[in-house]
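Commentary on secondary and tertiary structure
The residues making up each chain are set out below.
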Amino acid sequence: VFQYCFCSAFGAFWWAACMTANGTFAPGARSAAHLLRSDMGNMLEYHPVQPLEVLAAEIGIPVEALCKLDANENLYGAHSSVIEAGEAALRSSHIYPDPGQGELRAALGRYCSVSPEQVVAGAGADDILDLLFRIVCPQRVVTCPPTFAMYKFFGKISRSEVVEVPLKKLDRSFAFDMVGILREGATSQIVFLTSPNNPTGTRLSNEDVERICTALPNCMVVVDEAYIEFAHGFPNGTASLLLDKHVNLVVVRTFAKWAGLAGMRVGYALAHPDIVKAICQIKIPYNLSVTASATGVAALAAPTGPTLQKIRRERARLLAVFNGPLSEWFEPYPSEANFVLVRLKPVLGRTSRQLTQSLRKMGILIRCYDELLGMTDCIRISVGRPQDTDQLLRGLLVQVGALSPVVSAGSLPALPSASIALPALKAAGCVLWDVDGVIVDVGKSYRQTILDTCAAFGVEVTGQDVEEVKRRGNANNDWVVTRTLISQKKGSAPSLEEVTSKFEEIYKTVRDKEELVPAQSLLAHLAQQVPQGIITGRPRSDADYVLSKMGVTSFFPVVKCMEDGPAKPSPKLLLDALDELKVPQSTVAVFLGDTVDDIKAALACKPRPVIPIGVVPPGKDGAAGDDHEAHLYEAGAWRVVRNAQEMQDLLAPNQQTARQGQRLGSCARETKETKIKCDVVVEGSGVAKVSTKIGFLDHMLETLTKHSRTDLNLVVDGDIHVDDHHTTEDAALALGTALDKALGNRAGVTRFGSAFAPLDEALACAVVDLSGRPSASVSFHQPLREQIGALSGEMVSHFFVSIATTLRATVHVDVTKGVNSHHMVEAAFKAFAMALRAAMAKSQFTDIPSAKGVL
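Let us look at the structure shown here. As the structure is a computational prediction, the values presented were derived from the model and not from experiment. (Residues numbered from 1 in each chain as written. Predicted model: local features only at pLDDT ≥ 70, side-chain atom pairs only at ≥ 80, totals over all residues. Heavy atoms only, no water.)

1. Quick look at the sheet that holds strand β11 (residues 330-332)
Strands sit in the order β11-β12-β15-β14 across an open sheet of 4 strands; the sheet is antiparallel. Two strands bound the open sheet, and with one partner strand each, they are β11 and β14 (367-369). Averaged over all pairs of adjacent strands, the angle between strand axes in this sheet comes to 30 degrees, irrespective of strand direction. Relative to strand β15 (residues 378-382), strand β12 (residues 339-344) runs antiparallel, the two sharing 5 bridges. (Pairing = 2+ DSSP bridges. Helix = DSSP H or I, 4+ residues; strand = E, 2+ residues; numbered from the N terminus. Axes fitted to C-alpha atoms, helices over the stretch in contact; angles between N-to-C directions.)

2. What to know about the packing of aromatic side chains
In the structure shown here, the tally under the stated rule is 18 aromatic pairs. The interplanar angle of 65 degrees and the centroid separation of 5.5 Å between the aromatic rings of Y446 and F503 together place this pair among those described as edge-to-face. A residue pair is termed long-range when its members are at least 10 positions apart, and Y446 in helix α14 (residues 446-456) and F503 in helix α17 (residues 496-510) qualify at 57 residues. Each member of the pair, Y446 together with F503, is buried. Taken together, F133, F148, Y151, F153, F154 and F192 form an aromatic cluster joined through their ring pairs. Sitting above the plane of the Y545 ring, R511 keeps its charged end 3.6 Å from the centroid. (Phe/Tyr/Trp six-rings, centres within 6.5 Å; stacked < 30°, edge-to-face > 60°. Buried < 20%, exposed > 50% of the residue type's maximum accessible area, 1.4 Å probe, protein only. Lys NZ or Arg CZ within 6 Å of the ring centre and 35° of its normal.)

3. Focus on the pattern of salt bridges
Applying the stated criterion across every chain yields a total of 42 salt bridges. Here D478 ties to K470 by a salt bridge, and the two come within 2.6 Å at their closest N and O atoms. For the pair formed by D478 and K470, the shared burial category is buried. Note that K502 and E505 form a salt bridge whose closest N and O atoms lie 3.6 Å from each other. In this pair, K502 and E505 both sit in helix α17, 3 residues apart, roughly one turn of the helix. When its relative accessible area of 48% is taken as the criterion, E505 is described as partly exposed. Taken together, the shared-partner salt bridges in this structure form one network comprising R313, D626, E629, R642 and E646. (Salt bridge = Lys/Arg side-chain N within 4 Å of Asp/Glu carboxyl O.)

4. Concerning the state of the cysteines
Evaluation of the coordinates by the stated rule reveals 0 disulfides. Of all cysteine sulfurs in the structure, the one in C378 sits closest to C368, which takes part in no disulfide; the separation is 9.7 Å. You can call C378 buried: its relative accessible area is 1%. (Disulfide = S-S within 2.5 Å.)

5. Digging into the pairing of strand β9 (residues 249-254)
Within β9, 6 of the 6 residues are buried, which leaves it mostly tucked inside the rest of the structure. Neither face of β9 is exposed, since L249, V251 and R253 on one face and V250, V252 and T254 on the opposite face are all buried. Where strand β8 (residues 220-224) meets β9, 4 bridges bridge the pair, whose relative direction is parallel. Bridge pairing links V223 to V251 in β9. Relative to strand β10 (residues 267-270), β9 is paired through 4 bridges, and the arrangement is antiparallel. Paired with R253 across the bridge in β10 is Y268.

6. Quick look at the side chain of R608
If you trace the backbone, R608 turns up in the loop between α21 (596-603) and β22 (610-615). Side chain to side chain, R608 and D579 meet in a polar contact 3.2 Å long. From its side chain, R608 meets the backbone oxygen of P584 in a polar contact 2.9 Å long. Other than its neighbours up to four places away in sequence, R608 contacts L575, L578, D579, V583, P584 and Q585. (Polar contact = N/O pair within 3.5 Å; in protein donor to acceptor, adjacent residues only side chain to side chain. Contact = heavy atoms within 4.5 Å.)

7. Quick notes on helix α20 (residues 572-580)
Every buried residue of α20 is accounted for by L573, L574, D576, A577 and L578. Tucked inside the fold, the buried residues of α20 contact β16 (428-433), β19 (532-535), β20 (558-560), β21 (588-593), α21 and β22. Immediately downstream of α20, the backbone of K582 shows phi near 60 degrees, a positive value.

8. A look at the environment of D436
Locating D436 in the fold gives a position in the loop between β16 and β17 (440-441). Sequence separation between D436 and G296 is 140 residues, and the spatial gap between their C-alpha atoms is 45 Å. Once residues lying within four places of it in the same chain are set aside, the contact partners of D436 are V442, Y446, D478, R538 and D594. Polar contacts involving the side chain of D436 include one to the side chain of R538, which spans 2.6 Å.

What follows is the structure, encoded as structure tokens:
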């Protein structure tokens, strides 16, 4: 934002600078104004953004807490290879850089498909703009406000008349006024066009650029493409494609935005060789440092596509949220850049400056446009990372009164009538999941079954046909979806019972092709932190089969299926699950789903705060994935994830639950006496979620988990009304089975482990050999008392025998000292845990530690 610095203000500033603290004139101070150009007081003064440290100090928050969305920077930063190139270049900092910019110009020529003679680089695009003014010395230039104000800034410095041809603001299109540009350009020497334009995000077509270049052959037409890499379809549509046809065309670009090099200052121009030669004649010889040049070359070779795609995705998210849940108060404009221009609606009751200042106090920085540009009701928001958007939207919800300024877990306000998802993932106390496309990949099963069932009734449908029905909503039942598709294509359809029967017959032949989407370790980690539930449109038999097959049944104590209530988008099954999981009314929950119905169901849970998280199902890449993501955002999704890694980054950002080579094991065991679900993570953190209904056994299993540094989720429903025997024995058998599965063929394990563990007067020793041959020897130097809590003393030894059996290990536990039975047993479990931990540890070798080659 710019403001005029008038002569009187300049004089007052100068006078104040010459005064001492007590108001007297500083000794020896004299005015130097007579040495300056006479129009200095009428110059535009550019107000750049302040350094982060200064801003943080003014607001009173740490730098890392700032949400910086005011300067159109790439908050992902430069690619690591670019940073490494810059660091390497510093070793040559004692040598002057190449004044001819040979390596960088050659690289830019390849990047832009032009010859090096058509390229020249500068210290940022501003340097290039300044040089263009110098080589032309225009008497008159044309700009199209609202736009980048440096054109007017340089025009004033060059004593050029700056003629403004405003964009069409009355119809809110912000389209370029072609008639005005051609009229004023006819008597001007330079026309400046920004595409995509800052701050509107609008783009000028190549047809219009060519029309201007053709109509104004004696005028230099400068197209500023600082944001072109963010545009749809790039590199198609860039004005550089017209360079060979129009000698008066100059294209200006920068590395500041797309490459994350705003602080390095690297920009360039693409133009006719005569124009490039003229710039080279007058530019500062060494206008690019060795570091700037090296990072520029590296950036052109770096794989920046994924980062640009992330920014485009987040831009789509912003537009969808402003067009959807926040549309009551805001109206966004389409954007082809890394920012979004947003109009504040009158119902908000605040000016853009008031809103900007309020957000600033919360550490959220956006750009405000006031009377200078005739945009009192507009703000510009740079596109950041997902967490930056989260912070921004939290702030906006506070400003519109939909969220309290202070949000804490378990203390969330009810929402107003608008469908706004609460942005408080950190406070989430429950996670609910859909199954198809979220927990499991159904691309080769359920989706294929829809197509095959239709074919069985003589109807050919495509995946796109299925997608269109799903997006219309009320399509959570795939039997109904299939019948709908048959009816649409045929004009009539068999009964739902006939469709269902054929569907299930076909599905059973392909259901084993389903694969788990999130890492099992992520589900295990979440199960130890918060309650989890399943909400699916599948029949219970199908849901139970796939969850059991994937080994994740124990993570979900509540599973709501087709038989349990109305299908989504009804919120009933979500609300019932939250009640059964005993989640307090005010606790935030999240629901992950891949359809519009899933999103609507979460939003319909109000006043219970349920955050809808959209999931792009596996197999939808590129444009199809983008399209699916946009529909989920438009439906009201708070965040959309595209793969298992993004899912983990969102739900467990600090937990390395899916790292390469992690060993996991599960066991689901059911007899007449017990029903058990057991999951174990060998490389865990000692977190246990255990329920056997035998208090002392739970305590010992938690001790075992803690000191073996595994993670354990063990739930036993046993016949403790009879006694503790079956529950204790089967719990040990299930745990041993899960550990055995986690260890696999045992290649690379240490195999042997031993440990001593004291507990007050008691002392225990344990030795574990993962031999593959089950054997156990357990001794206590004196008999245990008959009952230790609810656990029988005789069952302690039996526990170790049972776990050794299914773990296929040799186990020795000897308690050599002790008086108190509780102390002796706990010492035994601690010693066994530490010995087990040592035996399971990965060694420096990768073979199976046995002379036989097998364990």
